[in-house]
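# Descriptive analysis of the structure
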Amino acid sequence: MTAPEIAIKDLTLGLKAERLGKSFPGRDAQVIAVSDVNFAVAPREVCILLGPSGCGKSTILRMIAGLETPSEGSLTLNGELITKPNRERGMVFQGYTSFPWLTVRENVAYGLRINGDVSAMREGTVDHFIEQVGLTRVANAWPHELSGGMRQRVALARALANSPKLLLMDEPFGALDAETRWQMQELLLSVIRKERMTVIMVTHDVEEALLLGDKIVFLSSHPGRVKEILHPPFKNDTSITTREELRSHPEYSMMETKILKMMREEGNH
Ligand code: ADP
Ligand code: MG
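Residues numbered from 1 in each chain as written. Chains lettered and ligands numbered in written order. Predicted model: local features only at pLDDT ≥ 70, side-chain atom pairs only at ≥ 80, totals over all residues. Heavy atoms only, no water.

All right, on to the pairing of strand S10 (residues 225–230) then. As paired elements, strand S9 (residues 215–220) and S10 share five bridges and run antiparallel to each other. For Leu 219, the partnering residue across the bridge sits in S10 and is Val 226. (Pairing = 2+ DSSP bridges. Helix = DSSP H or I, 4+ residues; strand = E, 2+ residues; numbered from the N terminus.)

This is the structure:
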């Protein structure tokens, strides 16, 4: 299996942010939301954007999605400049977004239908991802019959069914209660490992960042800049599948303390 290794070394592959900046018009002057941000995400890597509220995490993710245009610098995916939204970059938002008049299965199939996939392939794909997120039992239910956690799984399955080259998530579990959130994080970990996906995820939850990330891009605020890039070892350690296993890992508490300290320093600005 040498081919994937060669692919990863190819510098044109993956996502690259170079001298990325974004300003918005403010009341008196321009508000610099993000300035001189540099990072790269290799294929099959999970990159977490972490930092205090207002440091520009969502702005960076929206530029990667093609929903905002950079004011400075560039963003490329596999060597191509990102200029507009594209199916290859699938986005899962925090709020629950599915159609109340479609069943779970129809919701998951929706993106594929508008993208014109042939039906046999679509059904196989749809059922595969419904199973991956544990919704097989309720595949024919309506969204209003589901809990918040289950609805968020529908949104996740729909994004996955589109086979995005890059899955983008902005605090996808932010609206869930603590217990459901943990179930979703463990579920996402197992799906990411199985599907070997490339993901960029915004969070301000330190445990979530450590559990899921190969790389944590820690941002400081006003303007948002990269303060530090960390490489937690947990995502690829298959002995870790639960929160308890994460928290009892010898390296966990040291990394958590370091990040909490950085969060506090940033918050005090
Ligand atoms: P985060 O997601 O890290 O909480 P955001 O990316 O939402 O941060 O915001 C970063 C900064 O950019 C904030 O100061 C915010 O007020 C500003 N900002 C974001 N979007 C806009 C916009 N559309 N217009 C003006 N200012 C914005
Ligand atoms: Mg945000």
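Attention now goes to the pattern of salt bridges. One pass over the full model with this rule turns up 14 salt bridges. The partner of Arg 247 in a salt bridge is Glu 207, and the shortest N-O contact between them spans 1.9 Å. Here Arg 247 is found in helix H8 (residues 243–247), whereas its partner Glu 207 is found in helix H7 (residues 206–212), with 40 residues between them in sequence. Judged by its relative accessible area of 38%, Arg 247 falls in the partly exposed class. Here Lys 227 makes a salt bridge to Glu 266, at a shortest N to O gap of 3.2 Å. (Salt bridge = Lys/Arg side-chain N within 4 Å of Asp/Glu carboxyl O. Buried < 20%, exposed > 50% of the residue type's maximum accessible area, 1.4 Å probe, protein only.)

Taking strand neighbours across the sheet as the criterion, the four strands line up as S2-S1-S4-S5 in an open arrangement whose pairing is antiparallel. Each having just a single partner strand, strand S2 (30–41) and strand S5 (80–81) make up the two edges of the open sheet. Pairing analysis gives two bridges linking strand S4 (residues 72–77) to S5, with the strands arranged antiparallel. By the bridge assignment, Leu 77 is partnered in S5 with Glu 80. Lying on the sheet, helix H2 (residues 57–65) is in contact with strand S1 (15–25), S2 and S4; it crosses S1 at an angle near 115 degrees. (Contact = heavy atoms within 4.5 Å. Axes fitted to C-alpha atoms, helices over the stretch in contact; angles between N-to-C directions.)

Another aspect to go through is the domain arrangement of the protein chain. On domain assignment, one finds that the protein chain holds domain 1 (3–85 + 166–175 + 197–267) and domain 2 (89–163). The C-alpha-based centres of domain 1 and domain 2 are spaced at 25 Å. Taken together, the 20 residues of domain 1 in the interface contact ten residues of domain 2. Together domain 1 and domain 2 conceal approximately 1,200 Å² of surface at their shared face, both sides included; 63% is due to carbon and sulfur atoms. Among the residues domain 1 hides against domain 2, the three largest losses belong to Leu 167, Leu 168 and Pro 172. Together they make up 32% of the total. Inspection of the domain 1/domain 2 interface yields zero salt bridges. Here domain 1 and domain 2 share eight residue pairs in polar contact (both at pLDDT 80 or more) between them. Looking at side-chain class alone, the side of domain 1 that touches domain 2 contains 15 nonpolar, two polar and three charged residues. (Domains from an automatic or database assignment. Buried area = accessible area lost by both parts, 1.4 Å probe. Polar contact = N/O pair within 3.5 Å; in protein donor to acceptor, adjacent residues only side chain to side chain. Nonpolar A, V, L, I, M, F, W, Y, C, P; charged D, E, K, R; others polar.)

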